[in-house]
Number of protein chains: 2
Amino acid sequence: MTEKNIPDVVVSRLPRYLQILNQMAREGLHTASSLMLAERLGSTASQIRKDLSLFGEFGKQGQGYSIYYLMEQLQKILHVDRIWKIVVIGAGELGRALTRYQGFASHGIEIVKLFDKDPKIIGTQVGSLVVQNVDTVAEEIQNKGIKMAILTVPGEVAQATAERLVDAGIRAILNYTPINLVLPPSVSVQYIDPVLHLQHMMYYLG
Amino acid sequence: MTEKNIPDVVVSRLPRYLQILNQMAREGLHTASSLMLAERLGSTASQIRKDLSLFGEFGKQGQGYSIYYLMEQLQKILHVDRIWKIVVIGAGELGRALTRYQGFASHGIEIVKLFDKDPKIIGTQVGSLVVQNVDTVAEEIQNKGIKMAILTVPGEVAQATAERLVDAGIRAILNYTPINLVLPPSVSVQYIDPVLHLQHMMYYLG
């Protein structure tokens, strides 16, 4: 179902489309025009039509999109139509908060393991999980065939930890550290760093 | 210094360029080729040259970029070459963690106020700040001329709170809620939602 040569910037917008369609469905709406979507996204109708047309024909001219049908299609395109098991590396304040976060389950995202290297933290309970020694991470990832990790370790060990995860089979890392990770091109990395996101917006405030 | 008609996707990469140049400077490097930058970014040399050329001529053919000069120029372009005062709305676990976060200061980002509406939380100390009643937020924003806010309130009140901030003069919101915000086009919004970022990467894992 993955289409070739779709620009990453288009892919990055699809989860937002899905978020808005979900919200519209919860409001009891059944169809949405590209203009309605654009107004909610702060985008334009032509951008939305252009983005979606890269993946197929999802609406009929003049009738708008069926919200449920488009949601189902976007879920397939993004591969979110299944359960994704994920590990969290680093059981500090942030790692613990993410492990306990209630908002993952409804999106099919399941945090299955939480790791740390601090003997004082290993063995403690966080939500329904017990913090495990990070030295066992490769074994756990391989046994469970896990492909995604959330990285919340201290910056000094971010690169080394990421390399270890990739060696164990991880192919996507959500990087909460403020460190740039240098990894093979086959590995996806997303940066969640408030500094980067704030700086992006400062450009427009100048 | 803001150039017109620069695609937002290019702007979004500039903070990452700055992050990498900072890292190289800390490693004691003085010059960087576009290839060196590309290897660290998981990008291509031509993309980096193309992005930077939209803003000016920063390197000499065959000599690479002076790291300090390029950093200085990018800081000017992004307007990060000054102190930015920011408010945090919502003093739950995440709002408190962000308020205490040590990584902002070195980037000129200063959290000056933290607000909540819960009488049990108002008046409590978080780092060097005392949580204030959110009913005073407009006054504080106007008095201090603050343009940026970090939003960590519960989803149910996210839209209403964001509108209140915009009415008070906020022009950029870092949105940690899982809610799509509908705001005037003059307001920048960045979404920090682990679900959206994980879904983006799931596309490539399918």
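Thresholds applied
Residues numbered from 1 in each chain as written. Chains lettered and ligands numbered in written order. Predicted model: local features only at pLDDT ≥ 70, side-chain atom pairs only at ≥ 80, totals over all residues. Heavy atoms only, no water. Helix = DSSP H or I, 4+ residues; strand = E, 2+ residues; numbered from the N terminus. Buried < 20%, exposed > 50% of the residue type's maximum accessible area, 1.4 Å probe, protein only. Contact = heavy atoms within 4.5 Å. Areas by Shrake-Rupley, 256 points an atom, 1.4 Å probe, with all protein chains shown as cover. Lys, Arg positive; Asp, Glu negative; His and termini not counted. Charge placed at Lys NZ, Arg CZ, Asp CG, Glu CD. Phe/Tyr/Trp six-rings, centres within 6.5 Å; stacked < 30°, edge-to-face > 60°. Lys NZ or Arg CZ within 6 Å of the ring centre and 35° of its normal. Salt bridge = Lys/Arg side-chain N within 4 Å of Asp/Glu carboxyl O. Pairing = 2+ DSSP bridges. Axes fitted to C-alpha atoms, helices over the stretch in contact; angles between N-to-C directions. Core = buried A, V, L, I, M, F, W, Y, C linked by side-chain atoms within 4.5 Å. Arc of directions from axis to C-beta. pLDDT = per-residue confidence, 0-100. Polar contact = N/O pair within 3.5 Å; in protein donor to acceptor, adjacent residues only side chain to side chain. Nonpolar A, V, L, I, M, F, W, Y, C, P; charged D, E, K, R; others polar. Least-squares fit on C-alpha atoms with pLDDT ≥ 70 in both. Parallel < 35°, antiparallel > 145°, perpendicular 65-115°, else oblique.

Describing the overall build of chain A
- Helix and strand counts for chain A stand at eight helices and 11 strands.
- Each of the three principal axes of chain A carries a C-alpha extent, and together these read 60 × 40 × 30 Å.
- When each of the 206 residues of chain A is scored for burial, the buried share is 51%.
- Sequence-distant contacts in chain A: of pairs separated by 6 or more residues, those separated by 24 or more amount to 54%.
- Counting every atom, chain A has about 9700 Å² of accessible surface; 51% of that belongs to carbon and sulfur.
- Taking the average place of the 20 positive charges on the side chains of chain A and the average place of its 19 negative ones, the gap between the two points comes to 4 Å.

A few points about the packing of aromatic side chains
- On inspection of all chains with the given rule, the structure shows four aromatic pairs over all chains.
- Seen from their ring centres, Tyr-203 of chain A and Tyr-204 of chain A are 4.9 Å apart, and the 90° between their planes marks the pair as edge-to-face.
- Residue Tyr-203 of chain A is classed as buried on the basis of its relative accessible area, which comes to 2%.
- The ring of Tyr-191 of chain A is capped by Arg-16 of chain B, whose NZ or CZ atom sits 3.6 Å from the centre of that ring.

Side note on the pattern of salt bridges
All names here are of chain B.
- According to the stated counting rule, one finds 16 salt bridges over all chains in the structure shown.
- Of the charged contacts in the structure, one is a salt bridge between Asp-51 and Arg-13, with a shortest N-O distance of 2.7 Å. Of the two residues, Asp-51 sits in helix 3 (residues 45-53) while Arg-13 sits in helix 1 (residues 8-26), which places them 38 residues apart along the sequence.
- Relative accessible area serves as the criterion here: at 23%, Arg-13 is assigned to the partly exposed category.

Observations concerning the sheet that holds strand 3 (residues 64-66) of chain A
Residue and element names in this part refer to chain A.
- Taken in spatial order, the three strands make up an open sheet running 1-3-2, and their pairing is antiparallel. Two strands in the sheet have a free side with no partner beyond their single neighbour: strand 1 (31-32) and strand 2 (59-60).
- Seen against the sheet, helix 4 (residues 67-78) touches strand 1 and strand 3 and runs at an angle of roughly 70° to strand 3.

Describing the nonpolar core
- Residues Ile-150 and Leu-198 of chain A together with Ile-150 and Leu-198 of chain B are the most contacted members of the largest nonpolar core, which totals 101 residues.
- Once you skip the residues sitting within four places of it in the chain, Leu-198 of chain A turns out to touch Ile-86, Phe-104, Ile-109, Met-148, Ile-150 and Leu-174 of chain B.
- Of all hydrophobic cores here, the second largest spans 25 residues; its members include Val-87, Ile-146, Val-166 and Val-189 of chain B.

Observations regarding helix 3 of chain B
Residue and element names in this part refer to chain B.
- Residues of helix 3 that are buried: Ala-45, Ile-48, Asp-51 and Leu-52. Axial view of helix 3: buried residues confined to an arc of 130°, hence all on one face.
- Structurally, helix 3 contributes buried residues whose contacts are with helix 1, helix 2 (34-41), strand 3 (64-66) and helix 4 (67-78).

Overview of the pairing of strand 5 (residues 109-116) of chain B
Residue and element names in this part refer to chain B.
- Most of strand 5 sits inside the fold, with seven of its eight residues counted as buried.
- Bridge count for strand 4 (residues 84-89) against strand 5 is six bridges, and the pairing is parallel. Residue pairing across strands places Trp-84 opposite Ile-109, the latter belonging to strand 5.
- In this sheet, strand 8 (residues 132-133) lies alongside strand 5 in parallel orientation, the contact comprising two bridges. Directly across from Asp-116, in strand 8, lies its bridge partner Asn-133.

Thoughts on the confidence of the model for chain A
- Residues at a pLDDT of 70 or more form 98% of chain A, whose mean pLDDT is 95.
- As scored by the predictor, the complex reaches a pTM of 0.94 and an ipTM of 0.96.

Examining helix 6 (residues 137-144) of chain A
Residues and elements named next belong to chain A.
- Taken as a whole, helix 6 has its buried residues at Val-137, Glu-140 and Ile-141. Burial along helix 6 is one-sided: seen end-on, the buried residues are contained in an arc of 95°. Exposed side chains of helix 6 directed beyond 90 degrees from the buried face belong to Glu-139, Gln-142 and Asn-143.
- Looking at the buried positions of helix 6, the neighbouring elements they touch are strand 4 (84-89), strand 5 (109-116), strand 8 (132-133) and helix 7 (158-167).

Quick notes on the interface of chain A and chain B
- With 64 residues of chain A at the interface, the matching set in chain B holds 64 residues.
- Linking chain A with chain B are two salt bridges.
- Here Arg-100 of chain B ties to Glu-93 of chain A by a salt bridge, and the two come within 2.7 Å at their closest N and O atoms.
- On inspection of chain A and its partner chain B, the count reaches 26 residue pairs in polar contact (both at pLDDT 80 or more).
- Sorting elements by how many residues they give to the side of chain A that touches chain B places helix 8 (residues 194-205) of chain A first, with 12 residues.
- Partitioned by chemical class, the residues of the side of chain A that touches chain B number 39 nonpolar, 14 polar and 11 charged.

Comments concerning the relation of the copies chain A and chain B
- Expressed as a screw transformation, the operator carrying chain A onto chain B has a rotation angle of 180° and an axial translation of 0.0 Å, and the superposed copies differ by an RMSD of 0.0 Å. Considering both components of the superposition, the chain copies are consistent with a two-fold axis.
- A shared interface surface links the copies, since 100% of the contact residues of chain A are contact residues in chain B too.

A look at the sheet that holds strand 9 (residues 148-151) of chain B
- Judged by pairing direction, the sheet is parallel, and its six strands sit side by side in the order 8-5-4-9-10-11 (chain B) without closing on themselves. Each of the sheet's edge strands pairs with one partner strand only, and the pair in question is strand 8 and strand 11 (188-191) of chain B.

Some thoughts on the packing of helix 1 of chain B against helix 2 of chain B
Residue and element names in this part refer to chain B.
- The interhelical angle for the contact between helix 1 and helix 2, taken along N-to-C directions, is 105°, at an axis separation of 11 Å. The angle between helix 1 and helix 2 falls in the class roughly perpendicular. Together, Arg-16, Tyr-17, Ile-20, Leu-21 and Met-24 of helix 1 and Met-36, Leu-37, Arg-40 and Leu-41 of helix 2 make up the contact between the two elements.
- Residues that form the contact of helix 1 with helix 2 fall into these classes: seven nonpolar, no polar and two charged.

Re unusual backbone geometry
- Its identity is not glycine, yet His-79 of chain A carries a phi of approximately 65°, on the positive side.
- His-79 of chain A sits in the buried class, given a relative accessible area of 3%.

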